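Geometric and topological summary
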Amino acid sequence: MAENTEQSENKPIFRDLTADEEDPDITEIESLCLQCKKDGMTRLFLTRIPFFREVILSSFSCDHCGYKNCELQPANSIQEQGVNYTVEVEEEQDLNRQIVQSERATVSIPSLEFEAPPGKGVLTTIEGVIDGAVSGLNLDQPSRREQSPEIASKIDDVILKLTMLKTLREPFTLVVDDPTGNSYVENPHAPKSDPNAKVKHYTRTADQDEALGLTTEKEDDTPGAKDEVMTFQTNCPNCNSPCSTHMKMVAIPHFKEVIIMATNCDACGSRTNEVKSASGIEPKGCRITLKLTDPIDMSRDVLKSETCSIGIPEMDFETDFGTLGGKFTTLEGLLQNVKDHLSGPNSFFQGDSSQPERKSKLDDFCNQLDKVIDGEMMGIHFVLDDPAGNSYLQNVYAPDDDPELEIVHYERDYDQNEVLGINDMKTEGL
(Lines give C-alpha, C1' and ligand atoms only; values in the text may rest on other atoms or scores of the structure.)
Protein backbone atom coordinates (compact mmCIF):
# COMPACT_ATOMS: atom_id res chain seq x y z
CA MET A 1 0.00 0.00 0.00
CA ALA A 2 2.85 2.35 0.87
CA GLU A 3 4.49 1.59 -2.49
CA ASN A 4 1.31 2.53 -4.38
CA THR A 5 1.05 5.75 -2.42
CA GLU A 6 4.66 6.66 -3.27
CA GLN A 7 4.05 5.97 -6.99
CA SER A 8 0.97 8.19 -6.89
CA GLU A 9 2.90 11.00 -5.21
CA ASN A 10 5.72 10.76 -7.79
CA LYS A 11 3.35 10.83 -10.74
CA PRO A 12 3.98 13.95 -12.88
CA ILE A 13 1.23 16.55 -12.68
CA PHE A 14 1.53 17.43 -16.39
CA ARG A 15 2.00 14.53 -18.80
CA ASP A 16 2.36 14.17 -22.55
CA LEU A 17 -0.89 13.51 -24.38
CA THR A 18 -0.68 10.13 -26.13
CA ALA A 19 -3.17 7.62 -27.53
CA ASP A 20 -1.67 4.89 -25.30
CA GLU A 21 -2.55 6.72 -22.09
CA GLU A 22 -4.86 4.43 -20.10
CA ASP A 23 -5.48 6.88 -17.27
CA PRO A 24 -5.39 10.46 -18.59
CA ASP A 25 -6.21 11.91 -15.14
CA ILE A 26 -9.21 14.00 -16.14
CA THR A 27 -10.60 15.78 -13.08
CA GLU A 28 -14.39 16.19 -12.98
CA ILE A 29 -15.97 18.92 -10.86
CA GLU A 30 -19.69 19.55 -10.46
CA SER A 31 -20.29 23.25 -11.08
CA LEU A 32 -23.07 25.76 -11.73
CA CYS A 33 -24.30 26.33 -15.28
CA LEU A 34 -24.46 30.07 -15.96
CA GLN A 35 -27.21 29.57 -18.55
CA CYS A 36 -29.88 27.59 -16.68
CA LYS A 37 -28.50 27.90 -13.10
CA LYS A 38 -28.53 24.12 -12.64
CA ASP A 39 -25.60 21.80 -11.97
CA GLY A 40 -23.33 20.89 -14.87
CA MET A 41 -19.92 19.19 -15.12
CA THR A 42 -16.48 20.80 -15.56
CA ARG A 43 -13.61 18.57 -16.75
CA LEU A 44 -9.96 19.58 -16.33
CA PHE A 45 -7.01 18.00 -18.12
CA LEU A 46 -3.37 18.97 -17.46
CA THR A 47 -1.03 18.32 -20.40
CA ARG A 48 2.00 19.62 -22.29
CA ILE A 49 2.13 21.11 -25.78
CA PRO A 50 5.24 20.07 -27.76
CA PHE A 51 7.90 22.77 -28.36
CA PHE A 52 5.93 24.93 -25.90
CA ARG A 53 4.86 24.44 -22.28
CA GLU A 54 2.20 23.13 -19.89
CA VAL A 55 -1.47 24.08 -20.27
CA ILE A 56 -4.79 23.35 -18.58
CA LEU A 57 -7.63 22.27 -20.88
CA SER A 58 -11.08 22.77 -19.36
CA SER A 59 -14.51 21.95 -20.72
CA PHE A 60 -17.99 22.47 -19.29
CA SER A 61 -21.21 20.74 -20.31
CA CYS A 62 -24.73 20.92 -18.94
CA ASP A 63 -27.12 18.01 -19.51
CA HIS A 64 -30.10 20.18 -18.54
CA CYS A 65 -29.86 22.96 -21.16
CA GLY A 66 -27.18 21.55 -23.50
CA TYR A 67 -24.76 24.46 -22.95
CA LYS A 68 -21.10 23.63 -23.67
CA ASN A 69 -17.90 25.62 -23.33
CA CYS A 70 -14.16 24.89 -23.58
CA GLU A 71 -11.14 26.94 -22.57
CA LEU A 72 -7.34 26.78 -22.43
CA GLN A 73 -5.18 28.42 -19.76
CA PRO A 74 -1.38 28.51 -19.33
CA ALA A 75 -0.37 26.45 -16.31
CA ASN A 76 2.83 28.32 -15.61
CA SER A 77 3.77 31.83 -14.60
CA ILE A 78 4.04 34.90 -16.77
CA GLN A 79 7.21 34.75 -18.89
CA GLU A 80 10.08 37.22 -18.53
CA GLN A 81 9.26 38.78 -21.93
CA GLY A 82 6.21 39.21 -24.12
CA VAL A 83 6.04 37.52 -27.51
CA ASN A 84 4.86 38.64 -30.94
CA TYR A 85 4.27 36.24 -33.86
CA THR A 86 3.90 37.64 -37.39
CA VAL A 87 2.79 34.96 -39.86
CA GLU A 88 2.49 35.29 -43.64
CA VAL A 89 -0.44 33.08 -44.67
CA GLU A 90 0.12 32.00 -48.27
CA GLU A 91 -0.85 28.32 -48.57
CA GLU A 92 -3.59 26.03 -47.32
CA GLN A 93 -1.21 24.38 -44.84
CA ASP A 94 -0.70 27.80 -43.23
CA LEU A 95 -4.42 27.87 -42.37
CA ASN A 96 -3.88 24.62 -40.44
CA ARG A 97 -1.11 26.02 -38.21
CA GLN A 98 -1.98 25.34 -34.59
CA ILE A 99 -2.23 28.36 -32.29
CA VAL A 100 -2.15 28.54 -28.51
CA GLN A 101 -3.88 31.81 -27.66
CA SER A 102 -3.77 32.83 -24.00
CA GLU A 103 -6.46 34.96 -22.38
CA ARG A 104 -4.14 38.01 -22.64
CA ALA A 105 -3.29 37.67 -26.34
CA THR A 106 -4.63 39.81 -29.18
CA VAL A 107 -4.96 38.56 -32.77
CA SER A 108 -4.94 41.05 -35.63
CA ILE A 109 -5.03 41.10 -39.43
CA PRO A 110 -3.41 44.42 -40.46
CA SER A 111 -4.67 44.37 -44.08
CA LEU A 112 -8.28 44.49 -42.80
CA GLU A 113 -7.47 46.76 -39.83
CA PHE A 114 -9.07 44.01 -37.75
CA GLU A 115 -8.08 43.14 -34.19
CA ALA A 116 -9.69 40.63 -31.87
CA PRO A 117 -9.28 41.77 -28.23
CA PRO A 118 -8.12 39.41 -25.47
CA GLY A 119 -10.68 36.77 -24.52
CA LYS A 120 -10.67 33.25 -23.20
CA GLY A 121 -7.65 31.06 -23.90
CA VAL A 122 -8.06 28.61 -26.79
CA LEU A 123 -6.13 25.95 -28.70
CA THR A 124 -7.09 26.45 -32.35
CA THR A 125 -5.74 27.01 -35.87
CA ILE A 126 -5.44 30.11 -38.06
CA GLU A 127 -8.60 29.01 -39.87
CA GLY A 128 -10.23 28.54 -36.48
CA VAL A 129 -9.27 32.09 -35.49
CA ILE A 130 -10.99 33.43 -38.62
CA ASP A 131 -14.09 31.26 -38.04
CA GLY A 132 -14.24 32.42 -34.42
CA ALA A 133 -14.02 36.08 -35.45
CA VAL A 134 -16.81 35.59 -38.03
CA SER A 135 -18.96 33.79 -35.49
CA GLY A 136 -18.46 36.55 -32.92
CA LEU A 137 -19.33 39.30 -35.40
CA ASN A 138 -22.45 37.43 -36.57
CA LEU A 139 -23.71 36.99 -33.04
CA ASP A 140 -25.68 40.25 -32.70
CA GLN A 141 -26.17 41.07 -36.38
CA PRO A 142 -29.98 40.44 -36.44
CA SER A 143 -30.59 43.07 -33.74
CA ARG A 144 -28.03 45.47 -35.30
CA ARG A 145 -29.81 45.37 -38.65
CA GLU A 146 -32.94 46.63 -36.94
CA GLN A 147 -31.34 49.19 -34.62
CA SER A 148 -28.28 50.39 -36.61
CA PRO A 149 -28.48 49.32 -40.28
CA GLU A 150 -25.37 51.30 -41.29
CA ILE A 151 -23.17 49.68 -38.62
CA ALA A 152 -24.58 46.25 -39.44
CA SER A 153 -23.75 46.80 -43.13
CA LYS A 154 -20.13 47.69 -42.32
CA ILE A 155 -19.82 44.60 -40.12
CA ASP A 156 -21.23 42.48 -42.96
CA ASP A 157 -18.41 43.81 -45.17
CA VAL A 158 -15.82 42.81 -42.55
CA ILE A 159 -17.39 39.35 -42.24
CA LEU A 160 -17.25 38.91 -46.02
CA LYS A 161 -13.60 39.99 -46.15
CA LEU A 162 -12.71 37.63 -43.29
CA THR A 163 -14.49 34.75 -45.02
CA MET A 164 -12.69 35.49 -48.31
CA LEU A 165 -9.32 35.23 -46.54
CA LYS A 166 -9.78 31.46 -46.33
CA THR A 167 -9.86 31.19 -50.14
CA LEU A 168 -6.24 32.47 -50.19
CA ARG A 169 -6.79 34.44 -53.39
CA GLU A 170 -4.40 36.91 -51.83
CA PRO A 171 -1.83 36.22 -49.07
CA PHE A 172 -2.45 37.97 -45.77
CA THR A 173 -0.58 38.62 -42.52
CA LEU A 174 -1.79 37.45 -39.11
CA VAL A 175 -0.26 38.83 -35.90
CA VAL A 176 -0.49 37.26 -32.44
CA ASP A 177 0.76 39.50 -29.63
CA ASP A 178 0.88 38.33 -26.02
CA PRO A 179 2.51 40.40 -23.24
CA THR A 180 2.54 37.32 -20.96
CA GLY A 181 4.67 35.33 -23.45
CA ASN A 182 2.32 32.34 -23.10
CA SER A 183 0.98 32.17 -26.66
CA TYR A 184 2.42 30.07 -29.46
CA VAL A 185 2.12 29.57 -33.23
CA GLU A 186 3.18 26.21 -34.69
CA ASN A 187 6.22 26.04 -36.94
CA PRO A 188 5.34 23.43 -39.63
CA HIS A 189 8.94 23.53 -40.89
CA ALA A 190 10.49 22.39 -37.57
CA PRO A 191 13.32 21.76 -36.89
CA LYS A 192 14.29 24.36 -39.52
CA SER A 193 13.47 28.03 -39.11
CA ASP A 194 10.09 29.20 -40.37
CA PRO A 195 10.40 31.24 -43.59
CA ASN A 196 6.84 32.58 -43.28
CA ALA A 197 6.87 33.63 -39.63
CA LYS A 198 8.81 36.02 -37.43
CA VAL A 199 8.98 35.58 -33.67
CA LYS A 200 9.86 38.61 -31.59
CA HIS A 201 10.38 38.58 -27.82
CA TYR A 202 10.10 42.01 -26.23
CA THR A 203 10.39 43.74 -22.91
CA ARG A 204 7.01 44.75 -21.52
CA THR A 205 6.20 48.39 -20.79
CA ALA A 206 5.47 49.57 -17.27
CA ASP A 207 1.76 49.80 -18.16
CA GLN A 208 1.73 46.19 -19.39
CA ASP A 209 3.46 45.00 -16.20
CA GLU A 210 0.92 46.90 -14.12
CA ALA A 211 -1.99 45.40 -16.10
CA LEU A 212 -0.57 41.91 -15.42
CA GLY A 213 -0.19 42.68 -11.72
CA LEU A 214 3.61 42.47 -11.77
CA THR A 215 5.78 44.38 -9.32
CA THR A 216 9.49 45.14 -9.45
CA GLU A 217 11.60 43.24 -6.93
CA LYS A 218 14.80 44.68 -5.50
CA GLU A 219 18.07 42.82 -5.99
CA ASP A 220 19.69 41.05 -3.03
CA ASP A 221 22.96 42.79 -2.11
CA THR A 222 23.62 40.60 0.94
CA PRO A 223 27.41 40.27 1.57
CA GLY A 224 28.72 36.79 0.77
CA ALA A 225 25.86 35.96 -1.59
CA LYS A 226 28.35 35.08 -4.36
CA ASP A 227 29.92 32.35 -2.19
CA GLU A 228 26.67 30.67 -1.17
CA VAL A 229 24.49 28.06 -2.84
CA MET A 230 20.97 29.41 -2.52
CA THR A 231 17.98 27.04 -2.53
CA PHE A 232 14.36 27.98 -3.13
CA GLN A 233 11.12 26.15 -3.86
CA THR A 234 9.74 26.18 -7.40
CA ASN A 235 7.92 23.94 -9.87
CA CYS A 236 9.46 21.37 -12.21
CA PRO A 237 9.70 22.75 -15.78
CA ASN A 238 8.87 19.25 -17.08
CA CYS A 239 5.88 18.09 -15.00
CA ASN A 240 5.14 21.19 -12.86
CA SER A 241 5.44 19.23 -9.58
CA PRO A 242 6.90 21.06 -6.54
CA CYS A 243 10.70 20.74 -6.32
CA SER A 244 13.85 22.61 -5.27
CA THR A 245 16.11 24.84 -7.37
CA HIS A 246 19.73 25.53 -6.36
CA MET A 247 21.47 28.72 -7.52
CA LYS A 248 25.11 29.83 -7.40
CA MET A 249 27.33 32.42 -9.04
CA VAL A 250 30.29 30.89 -10.92
CA ALA A 251 33.30 32.48 -12.65
CA ILE A 252 34.08 30.90 -16.06
CA PRO A 253 37.83 31.04 -16.92
CA HIS A 254 38.72 33.51 -19.70
CA PHE A 255 35.11 34.78 -19.69
CA LYS A 256 32.94 36.26 -16.95
CA GLU A 257 30.69 35.50 -14.00
CA VAL A 258 27.38 33.73 -14.58
CA ILE A 259 24.52 32.48 -12.42
CA ILE A 260 23.87 28.73 -12.68
CA MET A 261 20.52 27.33 -11.52
CA ALA A 262 19.95 23.57 -11.20
CA THR A 263 16.57 21.91 -10.67
CA ASN A 264 16.05 18.26 -9.65
CA CYS A 265 12.55 16.76 -9.62
CA ASP A 266 11.78 13.64 -7.57
CA ALA A 267 8.38 13.22 -9.26
CA CYS A 268 9.46 12.72 -12.90
CA GLY A 269 13.25 12.44 -12.53
CA SER A 270 13.92 15.56 -14.59
CA ARG A 271 17.27 17.27 -14.01
CA THR A 272 17.81 20.63 -15.67
CA ASN A 273 20.22 23.53 -15.44
CA GLU A 274 19.85 27.08 -16.62
CA VAL A 275 22.42 29.83 -16.97
CA LYS A 276 21.91 33.59 -16.74
CA SER A 277 24.47 36.32 -17.23
CA ALA A 278 25.53 38.17 -14.09
CA SER A 279 27.02 41.13 -15.96
CA GLY A 280 24.16 42.56 -18.04
CA ILE A 281 24.19 43.23 -21.79
CA GLU A 282 27.53 43.72 -23.54
CA PRO A 283 28.15 46.81 -25.76
CA LYS A 284 28.24 44.58 -28.86
CA GLY A 285 26.72 41.32 -29.99
CA CYS A 286 28.87 38.23 -30.46
CA ARG A 287 28.89 35.52 -33.15
CA ILE A 288 31.00 32.45 -32.40
CA THR A 289 31.74 29.97 -35.21
CA LEU A 290 33.52 26.66 -34.62
CA LYS A 291 34.63 24.39 -37.47
CA LEU A 292 34.34 20.78 -36.31
CA THR A 293 37.58 18.98 -37.25
CA ASP A 294 37.89 16.32 -34.53
CA PRO A 295 35.40 14.27 -32.45
CA ILE A 296 37.08 15.71 -29.34
CA ASP A 297 35.42 19.05 -30.22
CA MET A 298 32.24 17.56 -28.70
CA SER A 299 33.85 17.89 -25.25
CA ARG A 300 34.33 21.69 -25.48
CA ASP A 301 32.52 23.67 -22.79
CA VAL A 302 29.63 25.79 -24.06
CA LEU A 303 27.77 28.61 -22.35
CA LYS A 304 24.61 29.44 -24.28
CA SER A 305 22.77 32.40 -22.80
CA GLU A 306 18.99 32.80 -22.87
CA THR A 307 19.35 35.36 -25.70
CA CYS A 308 21.47 33.16 -27.99
CA SER A 309 20.47 31.28 -31.16
CA ILE A 310 22.11 28.10 -32.50
CA GLY A 311 22.96 27.43 -36.15
CA ILE A 312 24.50 24.71 -38.34
CA PRO A 313 24.63 26.25 -41.85
CA GLU A 314 25.49 22.99 -43.67
CA MET A 315 22.29 21.40 -42.29
CA ASP A 316 20.17 24.50 -42.97
CA PHE A 317 19.38 24.65 -39.25
CA GLU A 318 18.89 27.69 -37.05
CA THR A 319 16.95 28.13 -33.84
CA ASP A 320 14.99 31.20 -32.80
CA PHE A 321 16.09 33.68 -30.15
CA GLY A 322 16.11 32.07 -26.70
CA THR A 323 15.34 28.47 -27.73
CA LEU A 324 16.27 26.00 -24.92
CA GLY A 325 16.94 28.89 -22.52
CA GLY A 326 20.36 29.35 -20.92
CA LYS A 327 22.67 26.30 -20.84
CA PHE A 328 26.13 25.56 -19.44
CA THR A 329 27.21 22.19 -20.83
CA THR A 330 29.46 20.66 -23.48
CA LEU A 331 28.96 20.89 -27.24
CA GLU A 332 27.82 17.27 -27.21
CA GLY A 333 25.39 18.00 -24.38
CA LEU A 334 23.94 21.02 -26.17
CA LEU A 335 23.41 19.14 -29.45
CA GLN A 336 21.81 16.29 -27.48
CA ASN A 337 19.47 18.85 -25.86
CA VAL A 338 18.48 20.05 -29.33
CA LYS A 339 17.82 16.49 -30.49
CA ASP A 340 15.81 15.61 -27.36
CA HIS A 341 13.78 18.79 -27.79
CA LEU A 342 12.91 17.86 -31.38
CA SER A 343 12.43 14.10 -31.04
CA GLY A 344 10.44 14.09 -27.80
CA PRO A 345 6.69 13.33 -27.64
CA ASN A 346 5.07 15.62 -30.18
CA SER A 347 1.35 15.55 -30.96
CA PHE A 348 1.94 17.59 -34.13
CA PHE A 349 3.68 14.52 -35.61
CA GLN A 350 1.45 11.83 -34.08
CA GLY A 351 -2.16 10.72 -34.37
CA ASP A 352 -4.77 11.72 -36.94
CA SER A 353 -3.36 15.23 -37.45
CA SER A 354 0.20 14.07 -38.22
CA GLN A 355 1.83 14.60 -41.60
CA PRO A 356 4.18 11.67 -42.48
CA GLU A 357 6.32 13.84 -44.77
CA ARG A 358 7.03 16.35 -42.00
CA LYS A 359 7.77 13.60 -39.46
CA SER A 360 10.14 11.93 -41.94
CA LYS A 361 12.10 15.17 -42.35
CA LEU A 362 12.36 15.55 -38.58
CA ASP A 363 13.61 11.95 -38.21
CA ASP A 364 16.21 12.50 -40.95
CA PHE A 365 17.46 15.65 -39.22
CA CYS A 366 17.75 13.88 -35.85
CA ASN A 367 19.74 11.09 -37.54
CA GLN A 368 22.12 13.72 -38.95
CA LEU A 369 22.50 15.23 -35.46
CA ASP A 370 23.45 11.78 -34.16
CA LYS A 371 26.21 11.59 -36.78
CA VAL A 372 27.52 15.02 -35.72
CA ILE A 373 27.48 13.99 -32.04
CA ASP A 374 29.26 10.72 -32.86
CA GLY A 375 31.98 12.58 -34.79
CA GLU A 376 30.98 11.16 -38.18
CA MET A 377 30.32 14.56 -39.83
CA MET A 378 33.44 16.69 -39.70
CA GLY A 379 34.08 19.94 -41.54
CA ILE A 380 30.72 21.49 -40.69
CA HIS A 381 30.32 24.70 -38.68
CA PHE A 382 28.57 25.25 -35.34
CA VAL A 383 27.40 28.84 -34.74
CA LEU A 384 26.35 30.66 -31.57
CA ASP A 385 24.84 34.10 -32.28
CA ASP A 386 24.14 36.16 -29.18
CA PRO A 387 23.07 39.81 -29.60
CA ALA A 388 23.63 40.33 -25.85
CA GLY A 389 27.24 39.07 -26.12
CA ASN A 390 26.91 36.72 -23.14
CA SER A 391 27.65 33.34 -24.75
CA TYR A 392 30.92 31.41 -24.75
CA LEU A 393 32.55 28.43 -26.49
CA GLN A 394 35.75 27.02 -24.97
CA ASN A 395 39.07 27.84 -26.63
CA VAL A 396 41.13 24.68 -26.03
CA TYR A 397 44.31 26.57 -27.01
CA ALA A 398 43.81 29.41 -24.50
CA PRO A 399 45.48 31.81 -23.95
CA ASP A 400 46.61 31.36 -27.60
CA ASP A 401 44.22 31.74 -30.53
CA ASP A 402 42.15 28.75 -31.62
CA PRO A 403 42.61 28.14 -35.40
CA GLU A 404 39.14 26.57 -35.72
CA LEU A 405 37.30 29.17 -33.65
CA GLU A 406 36.15 32.52 -35.03
CA ILE A 407 34.68 35.18 -32.73
CA VAL A 408 33.11 38.27 -34.29
CA HIS A 409 31.81 41.21 -32.27
CA TYR A 410 29.21 43.23 -34.15
CA GLU A 411 26.98 46.27 -33.77
CA ARG A 412 23.41 45.27 -33.02
CA ASP A 413 20.65 46.45 -35.37
CA TYR A 414 17.44 48.15 -34.24
CA ASP A 415 15.40 44.94 -34.09
CA GLN A 416 17.99 43.21 -31.90
CA ASN A 417 18.07 46.18 -29.53
CA GLU A 418 14.28 46.12 -29.48
CA VAL A 419 14.25 42.44 -28.47
CA LEU A 420 16.72 43.17 -25.65
CA GLY A 421 14.69 46.19 -24.49
CA ILE A 422 17.56 48.61 -25.11
CA ASN A 423 15.53 50.99 -27.30
CA ASP A 424 13.21 51.71 -24.36
CA MET A 425 15.99 52.40 -21.86
CA LYS A 426 16.28 55.97 -20.65
CA THR A 427 19.69 57.02 -19.33
CA GLU A 428 19.35 60.82 -19.45
CA GLY A 429 19.39 62.50 -16.06
CA LEU A 430 20.63 59.37 -14.23
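About the thresholds
- Every chain is numbered independently, its residues counted from 1 as its sequence is written.
- Where totals are concerned, whole chains, interfaces and linings use all residues; where local detail is concerned, this predicted model gives features only for residues with pLDDT of at least 70, and gives and counts side-chain atom pairs only at 80 or more.
- Computation of side-chain values covers all heavy atoms of the structure but excludes hydrogens and water.
- Put simply, the grid is 1 Å and covers the protein atoms alone, a cavity is a trapped set of points that fit a 1.4 Å probe, a pocket is an open set with protein on both sides within 12 Å along at least five of seven lines, and lining residues have an atom within 4 Å of a point.
- Grid points are joined across faces, edges and corners, and a volume is the space filled by probe spheres set on the points.
- A helix here means a DSSP run of H or I that spans at least four residues, while a strand means a run of E at least two residues long, and both kinds are numbered starting from the N terminus.
- Asp, Glu, Lys and Arg are counted as charged, while Ala, Val, Leu, Ile, Met, Phe, Trp, Tyr, Cys and Pro are counted as nonpolar; the rest, among them Gly, fall into the polar class.
- Helix axes use the C-alpha atoms of the stretch in contact, all axes being lines fitted to C-alpha atoms, and the angles between their N-to-C directions lie in the range 0 to 180 degrees.
- Relative orientations are named as follows: roughly parallel for angles under 35 degrees, roughly antiparallel for angles over 145 degrees, roughly perpendicular for angles from 65 to 115 degrees, and oblique for any other angle.
- Take the far helix as the reference: if the near one is turned anticlockwise from it by less than a right angle, the crossing is left-handed, and if turned clockwise, right-handed.
- Whether two residues are in contact is decided by their heavy atoms, any of which lying within 4.5 Å being enough.
- Throughout this description, buried means an accessible area under 20% of the type-specific maximum (1.4 Å probe, protein chains only), exposed means over 50%, and partly exposed covers the range between.
- When DSSP finds two or more bridges between a pair of strands, those strands are recorded as paired.
- Each pair of aromatic rings taken from Phe, Tyr and Trp, with Trp reduced to its six-membered ring, is defined by centres within 6.5 Å and is described as stacked if the planes are under 30 degrees apart, edge-to-face if over 60, and tilted in the remaining cases.
- A ring is scored as having a charge over it whenever the NZ atom of a lysine or the CZ atom of an arginine sits within 6 Å of its centre and within 35 degrees of its normal.

1. Examining the layout of surface pockets
Considered as a void within the structure, the second largest pocket measures approximately 780 Å³ in volume. Forming the boundary of the second largest pocket are 22 residues, of which Val199, Asp320, Phe321, Gln416 and Val419 lie nearest the centre. Of all the elements in the fold, those that place two or more residues in the lining of the second largest pocket are strand E6 (82–89), strand E13 (197–202) and helix H9 (414–420). By residue number, the principal contributor to the lining of the second largest pocket is E13, which donates five residues. Residue composition of the lining of the second largest pocket, by class: six nonpolar, eight polar and eight charged.

2. Here we look at the packing of helix H3 (residues 126–138) against helix H5 (residues 149–165)
Axis separation between H3 and H5 bottoms out at 10 Å; the angle between their running directions is 160°. Between H3 and H5, the interaxial angle falls into the category roughly antiparallel. The hand of the H3/H5 crossing is left-handed. Taking contact as the criterion, the partners of Ile130, Ala133, Val134, Leu137 and Asn138 in H3 are, on H5, Ile155, Val158, Ile159, Leu162, Thr163 and Leu165.

3. Observations regarding the environment of Lys120
Examined against the element boundaries, Lys120 turns out to sit in the loop between strand E9 (114–116) and strand E10 (122–125). Accessibility expressed as a relative area gives 40% for Lys120, which makes it partly exposed. Filtering out sequence-adjacent residues up to four positions away, Lys120 remains in contact with Asn69, Cys70, Glu71, Gln101 and Glu103.

4. Considerations on the sheet that holds strand E24 (residues 392–393)
The strand order across the open sheet formed by three strands is E22-E19-E24, and the pairing between neighbours is antiparallel. If you trace the sheet from one side to the other, it starts and ends with strand E22 (327–330) and E24, each paired once. Pairing of strand E19 (residues 301–304) with E22, which is carried by four bridges, proceeds in the antiparallel orientation. Pairing of Lys304 across the sheet is with Lys327, part of E22. Helix H7 (residues 331–343) contacts E19 and E22 of the sheet and is inclined by roughly 115° relative to E22.

5. Some words on the packing of aromatic side chains
One pass over the structure, following the stated rule, counts three aromatic pairs. Here Phe60 and Tyr67 contribute two aromatic rings whose centre-to-centre distance is 6.2 Å and whose plane-to-plane angle is 50°, an arrangement assigned as tilted. Its relative accessible area of 30% is what places Tyr67 among the partly exposed residues. Directly above the aromatic system of Tyr410 lies the positively charged group of Arg287, at a separation of 4.6 Å from the ring centroid.

6. Here we look at the sheet that holds strand E18 (residues 285–291)
Across the sheet, five strands lie side by side as E21-E20-E23-E18-E25; this open sheet has antiparallel pairing. On the outer flanks of this sheet lie strand E21 (317–318) and strand E25 (405–410), each paired with one strand and no other. With six bridges connecting them, E18 and strand E23 (residues 381–386) associate as antiparallel partners. Bridged to Ile288 within E23 is Leu384.

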